[in-house]
Amino acid sequence: MNPNYLDFEQPIAELEAKIDELRLVGNDSRISLSDEIGKLEDKNRKLTESIFRDLSAWQVSQLSRHPQRPYTLDYLDSLFEDFDELHGDRHFADDAAIVGGVARLDDKPVMVIGHQKGRDVKEKVRRNFGMPRPEGYRKACRLMEMAERFKMPVLTFIDTPGAYPGIDAEERGQSEAIAYNLAVMSRLKTPIISTVVGEGGSGGALAIGVCDELQMLQYSTYAVISPEGCASILWKSAEKASEAAQAMGITAERLKELGFVDTLIKEPLGGAHRNPQKMADSIKDALGASLERLEAMETDDLLSRRYDRLMSYGAPQ
Amino acid sequence: MSWLDKIVPSMSRTQRTDRRKSVPDGLWRKCPNCEAVLYLPELERHQSVCPKCDHHLRLTARKRLNWFLDTEGREEIAADLQPSDRLKFRDSKKYKDRLAAAQKSTDENDALIAMRGKLDGLPVVAVAFEFSFMGGSMGAVVGEKFVRAATQAMEEGVPLVCFAASGGARMQEALFSLMQMAKTSAALEKLKQAGVPYISVLTDPVFGGVSASLAMLGDLNIAEPNALIGFAGPRVIEQTVREQLPEGFQRSEFLLEHGTVDMIVHRHDMRERLGGVMRKLTHQSRLGQESEADEAPTQSTLDEFSQADH
């Protein structure tokens, strides 16, 4: 069992281990194994294709949390240039579960804000597993209002299990911090594009996700509650997470059908983590196209379009 | 369980049901706080505040509005909106069946009631959550109705009052319900920009998606005494942080101390306090200083309230 691969990816892991082994042997000996390796690589591609052809909602949910999945800072590296990270909410603290700052997208100044998970244990803890506290949302709000003043589009990257359910977060007004962002984003006089790159966990995701255009990566999810949470409340058992994921329709594909998603961004074969640079390029293309559409609009039109869009959610048919 | 229960479980069970049945239906109710057995008409006269321990019991949305608004000139907003099962959601039960059961037991279409009316003559729009309708959860109908009420308040320039009591977003409507948070908050932001007051009254309990949107955005946030209010439920927090929660955590008094609410108002004082605040915010003269309001109407409307429900 390879911990860097999910359950349903294990056959791929085994095949890849075999290929690596052959490569090692090939380096040592005079016999050429390149034919053999080529065959196995071909087999591996076909295997991956067949596994990824028909993923369940629960499998997509696991992929969205894949330990190797690229996070916001990875995209800031690969997709933007000249990033200055800005810290703090000016009231209480700097929350490492949300990162943000000014950067350039093909020379164009933009404000980037996103959830950030950690890679190793120490960083995971420091970033609180990507679960923001109120100060994280208030930092995001400060940066968004700054973007409005300096006429920069806001690009948010969503990847969180949810807002942090902790004593300190409650004391400092978690609910208010989220609600306030929802209100501010509904009238922010600059284009907002949100991209769900991993987990879109409920209010904690939406608090930086009110937008003019919503993009989702192919294997990302967006839901009102985690499948486990939903299962333990409605099915009285967290084991039913797979059923809950299916019932709630949390995948990018399903949400596109339901009309929530403007752009579904295809992932490389096997998921974003298999080819992060290719993933970043696709996101960049999508962001560019979306920005072009939104920046062609007058601010008033942009805002009334955003308001109408919000009002259309769940409006009587 | 006592040893006797173990020996004769079936017998004891019958006895217990019998005991419960010996209290006549609909005449007595136990206070969930002090366990005093209360005579219902008496409890109604106290607006469901326990006369023994002052505990504020949960109130149905309709009773809440009946008691809050003057009897004259009430007009319900968007009463006909019907919930729909867009996702064909099914857990152990079908969402459709859950809806039907909730509609039957509450006699309401969904978990929010909205009304245009008057508070001691002051025109207001008021909405109230029906907690017994699927935990007062917010789905598309709740969001839509809230927005229509807010829009009407804005168009007429009259204050909006919301009595929240909700477990949060309605899971069975998945992302449709999550988006109601953004939808209602956007409508409230418009109201704010238009300079129309919005008072959010938090009653027991308010959590999740309702707490993290419309309920926290009041010009004034007001709580009823001892209501449980927060983002995450206490059990979830306990499981996450693995420590015991402090005494009084997430109660109204805790929220006041941490700066989340402006004041805690007793249910019996709600009309007067809210009226007083709204009259100041809208530059109306004090109650009793106008020609049409020469009698103090509070007590008379309270009496009408208790009559209206019987």
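Conventions adopted
As a convention, each chain's residues are numbered from 1 in the sequence order in which they are written. To label them, take the chains in the order written and letter them from A, then take the ligands in the order written and number them from 1. In keeping with the predicted nature of the model, local features appear solely for residues at pLDDT of at least 70, side-chain atom pairs appear and are counted solely at 80 or more, and the whole-chain, interface and lining totals rest on all residues. Hydrogen atoms and water are omitted, and side-chain values are computed over all heavy atoms in the structure. UniProt positions are given in the numbering used here, feature names are shortened, and annotations may be inferred rather than shown by experiment. In this text, helices come from DSSP runs of H or I with a minimum length of four residues, and strands from runs of E with a minimum of two, each type numbered from the N-terminal end. Radius of gyration here uses only the C-alpha atoms, and the compact-globule reference equals 2.2 Å multiplied by the residue count raised to the power 0.38. Burial status follows relative accessibility: with a 1.4 Å probe on protein chains alone, a residue under 20% of its type maximum counts as buried, one over 50% as exposed, and anything between as partly exposed. The pairing criterion for strands is at least two bridges between them, as found by DSSP. Should any heavy atoms of two residues lie within 4.5 Å, those residues are counted as being in contact. Note on method: axes are straight lines fitted to C-alpha atoms, helices fitted across the in-contact stretch only, with angles between N-to-C directions ranging 0 to 180 degrees. Working definition: roughly parallel below 35 degrees, roughly antiparallel above 145 degrees, roughly perpendicular at 65 to 115 degrees, and oblique for all remaining angles. Crossing handedness is read from the near helix: turned anticlockwise from the far helix by less than a right angle, it gives a left-handed crossing, and turned clockwise, a right-handed one. Ten residue types, Ala, Val, Leu, Ile, Met, Phe, Trp, Tyr, Cys and Pro, are classed as nonpolar, four, Asp, Glu, Lys and Arg, as charged, and the remainder, Gly among them, as polar. Side-chain rings of Phe, Tyr and Trp, where Trp is taken by its six-membered ring, are said to pair if the distance between their centres is within 6.5 Å; with planes under 30 degrees apart they count as stacked, over 60 as edge-to-face, and otherwise as tilted. Definition used: whenever NZ (Lys) or CZ (Arg) falls within 6 Å of the ring centre and also within 35 degrees of the ring normal, the charge is taken to sit over that ring. What makes a patch is a set of residues exposed beyond 30% relative accessible area and free of salt bridges, joined within 9 Å when like-charged and within 5 Å when nonpolar (Val, Leu, Ile, Met, Phe, Trp, Tyr). Accessible areas in this description were obtained via Shrake-Rupley with a 1.4 Å probe; residue shielding takes into account the shown protein chains only. Salt bridge, as used here: a side-chain nitrogen of Lys or Arg that lies within 4 Å of a carboxyl oxygen of Asp or Glu. Under this rule, positive means Lys or Arg and negative means Asp or Glu; His and the chain ends count for nothing. A single reference atom marks each charge: NZ on Lys, CZ on Arg, CG on Asp, CD on Glu. Side-chain atoms within 4.5 Å are what join buried Ala, Val, Leu, Ile, Met, Phe, Trp, Tyr and Cys residues into a set we call a nonpolar core. Note that the arc is defined by the directions from the helix axis to the C-beta atoms. Handedness of a crossover is defined as follows: orient the strands so they point away from the viewer, and if the path from the first strand over the helix to the second runs clockwise, the crossover is right-handed. A simple way to read buried area is as the amount of 1.4 Å-probe accessible surface that goes missing from two parts once joined, with both sides added. As used in this structure description, the phrase polar contact means that two N or O atoms lie within 3.5 Å; if the pair is within protein, one of them must be able to donate a hydrogen and the other to accept it, and residues adjacent in sequence are counted only when both atoms belong to side chains.

By the naming in an unreviewed UniProt entry, chain A is Acetyl-coenzyme A carboxylase carboxyl transferase subunit alpha, taken from Chromohalobacter beijerinckii. The annotation that UniProt attaches to chain A under Subcellular location (unreviewed entry) is "Cytoplasm".

Draft legend 1. Summary view of the overall build of chain A. Within chain A, the secondary structure is distributed over 14 helices and 8 strands. In terms of overall size, chain A behaves like a compact globule, its C-alpha atoms giving a radius of gyration of 21 Å where 317 residues would be expected to give roughly 20 Å. For the C-alpha atoms alone, the extent of chain A along its principal axes is close to 70 × 50 × 45 Å. Counting only residues that meet the buried cut, chain A has 56% of its 317 residues in that class.

Draft legend 2. Structural detail: the sheet that holds strand E5 (residues 122-129) of chain B. All names here are of chain B. Taken in spatial order, the 7 strands make up an open sheet running E3-E4-E5-E6-E7-E8-E9, and their pairing is mixed. In this open sheet, the two edge strands, each paired with only one partner strand, are strand E3 (75-76) and strand E9 (263-264). Taken together, the 6 bridges between strand E6 (residues 160-166) and strand E7 (residues 198-206) define a ladder with parallel strand orientation. Residue Ser 166 lies in a different strand from E7, and its bridge partner there is Val 206. Packing against the sheet, helix H4 (residues 61-68) makes contact with E3, strand E4 (112-119), E5, E6 and E7, and its axis sits at approximately 165 degrees to E5.

Draft legend 3. Geometry of the packing of helix H14 (residues 299-312) of chain A against helix H7 (residues 174-193) of chain B. Packing of H14 of chain A against H7 of chain B brings their axes to within 8 Å, and their N-to-C directions diverge by 135 degrees. In this view, H14 of chain A runs oblique relative to H7 of chain B, as classed from their interaxial angle. By crossing handedness, the relation of H14 of chain A to H7 of chain B is classed as left-handed. Every residue of H7 of chain B that contacts H14 of chain A at Tyr 307, Leu 310 and Met 311 of chain A is listed here: Ala 182, Lys 183, Ala 186, Ala 187 and Lys 190 of chain B. When the residues that make up the contact of H14 of chain A with H7 of chain B are grouped by side-chain class, the tally is 6 nonpolar, no polar and 2 charged.

Draft legend 4. Quick peek at the packing of aromatic side chains. Going through the model one piece at a time under the given rule, you end up with 12 aromatic pairs over all chains. Both rings, one in Phe 68 of chain B and one in Phe 163 of chain B, keep their centres 4.9 Å apart while their planes meet at 75 degrees; by these two values the pair is edge-to-face. Taken as a pair, Phe 68 of chain B in helix H4 and Phe 163 of chain B in strand E6 lie far apart in primary sequence, 95 residues in all. As far as burial versus exposure is concerned, Phe 68 of chain B and Phe 163 of chain B are alike and both buried. By the ring-pair criterion, three or more aromatic residues cluster together here, those being Phe 8, Phe 52 and Tyr 219 of chain A. Sitting over the ring of Tyr 71 of chain A, Arg 119 of chain A keeps its end group 3.9 Å from the ring centre. The ring of Phe 176 of chain B carries the charged tip of Arg 86 of chain B above its face, separated from the ring centre by 5.1 Å.

Draft legend 5. Structural view of a nonpolar patch on the surface. Together, Leu 27, Trp 28, Val 37 and Tyr 39 of chain B make up an exposed nonpolar region whose accessible area comes to about 360 Å². On the secondary structure map, Leu 27 of chain B appears in the loop between helix H2 (9-21) and strand E1 (28-30).

Draft legend 6. Representation of a positive patch on the surface. Residues and elements named next belong to chain B. On the surface, Lys 88, Arg 90, Lys 94 and Lys 96 cluster together into a positively charged patch. Mapped onto the elements of the fold, Arg 90 is located in the loop between E3 and helix H5 (95-106). With a relative accessible area of 49%, Arg 90 lands in the partly exposed category.

Draft legend 7. Layout of the nonpolar core. One finds Tyr 222 of chain A together with Leu 160 and Leu 214 of chain B to be the most contacted residues of the largest nonpolar core, which totals 117 residues. In contact with Leu 160 of chain B, not counting residues within four places along its chain, are Val 125, Phe 146, Ala 149, Ala 150, Ala 153, Leu 188, Leu 191, Pro 197, Tyr 198 and Ile 199 of chain B. Among the nonpolar cores identified, the runner-up in size contains 25 residues, and Leu 122, Val 124, Leu 220 and Met 278 of chain B belong to it.

Draft legend 8. Layout of the UniProt feature "domain: CoA carboxyltransferase C-terminal" (unreviewed entry) in chain A. Cross-referencing UniProt, the feature "domain: CoA carboxyltransferase C-terminal" (unreviewed entry) maps to residues 39-293 of chain A in the present numbering. A distance of 45 Å separates the end C-alpha atoms of residues 39-293 of chain A, which is 45% helix and 19% strand.

Draft legend 9. A look at helix H11 (residues 241-248) of chain A. Restricting attention to buried positions, one finds in H11 of chain A the residues Ala 241, Ala 244, Ala 245, Ala 247 and Met 248 of chain A. Axial view of H11 of chain A: buried residues confined to an arc of 165 degrees, hence all on one face. Buried residues along H11 of chain A sit in contact with helix H3 (57-64), strand E7 (221-223) and helix H10 (227-235) of chain A together with H7 of chain B. With its phi angle positive at about 60 degrees, Gly 249 of chain A sits one or two positions after the end of H11 of chain A.

Draft legend 10. Representation of the pairing of E7 of chain B in the model. All names here are of chain B. A large share of E7 lies buried, amounting to 9 of its 9 residues. One crossover worth recording links E6 to the parallel E7 by way of H7, and it is right-handed. With 4 bridges connecting them, E7 and strand E8 (residues 220-223) associate as parallel partners. Bridged to Leu 202 within E8 is Ala 223.

Draft legend 11. Broad picture of the pairing of E4 of chain B. All names here are of chain B. Taken across its 8 residues, E4 has 7 buried, putting it largely inside the fold. Relative to E4, E3 runs antiparallel, the two sharing 2 bridges. Directly across from Glu 76, in E4, lies its bridge partner Met 115. When E4 meets E5, the two strands line up antiparallel, connected through 8 bridges. Its bridge partner being in E5, Ala 114 is matched across the sheet by Val 127. In this antiparallel pair of consecutive strands, E4 and E5, the connection spans 2 residues, and Asp 120 shows a positive phi of 45 degrees.

Draft legend 12. A look at the interface of chain A and chain B. Between chain A and chain B, the residue contacts involve 43 residues of the former and 53 residues of the latter. With both chains or domains summed, chain A and chain B bury close to 4100 Å², and 73% of this area falls on carbon and sulfur atoms. When the buried surface of chain A facing chain B is broken down by residue, Ile 167, Glu 170 and Leu 234 of chain A rank first, second and third, together holding 15% of it. Counting across the chain A and chain B interface gives 1 salt bridge. Linking chain A with chain B are 12 residue pairs in polar contact (both at pLDDT 80 or more), by the criterion used here. Elements supplying a minimum of two residues to the side of chain A that touches chain B: helix H7 (167-171), helix H8 (174-185), helix H9 (202-206), E7, H10, H11, helix H12 (252-257) and H14 of chain A. If you tally residues by element for the side of chain A that touches chain B, the top one is H8 of chain A, at 8 residues. Residues of the side of chain A that touches chain B, tallied by class, amount to 30 nonpolar, 8 polar and 5 charged.

Draft legend 13. Just the pattern of salt bridges, in detail. Here the structure, examined in full by the defined rule, presents 42 salt bridges over all chains. Across the salt bridge formed by Glu 176 of chain A and Arg 138 of chain A, the nearest N and O atoms sit 2.8 Å from each other. In this pair, Glu 176 of chain A is assigned in helix H8 and Arg 138 of chain A in helix H6 (residues 134-149), connecting sequence segments 38 residues apart. Exposure remark for Glu 176 of chain A: the relative accessible area of 24% places this residue in the partly exposed category. Two residues, Glu 44 of chain B and Lys 63 of chain B, come together in a salt bridge whose shortest N-O distance is 2.7 Å. Here the residue Glu 44 of chain B occupies a position in helix H3 (residues 40-45), and Lys 63 of chain B occupies one in helix H4, the gap between them amounting to 19 residues.

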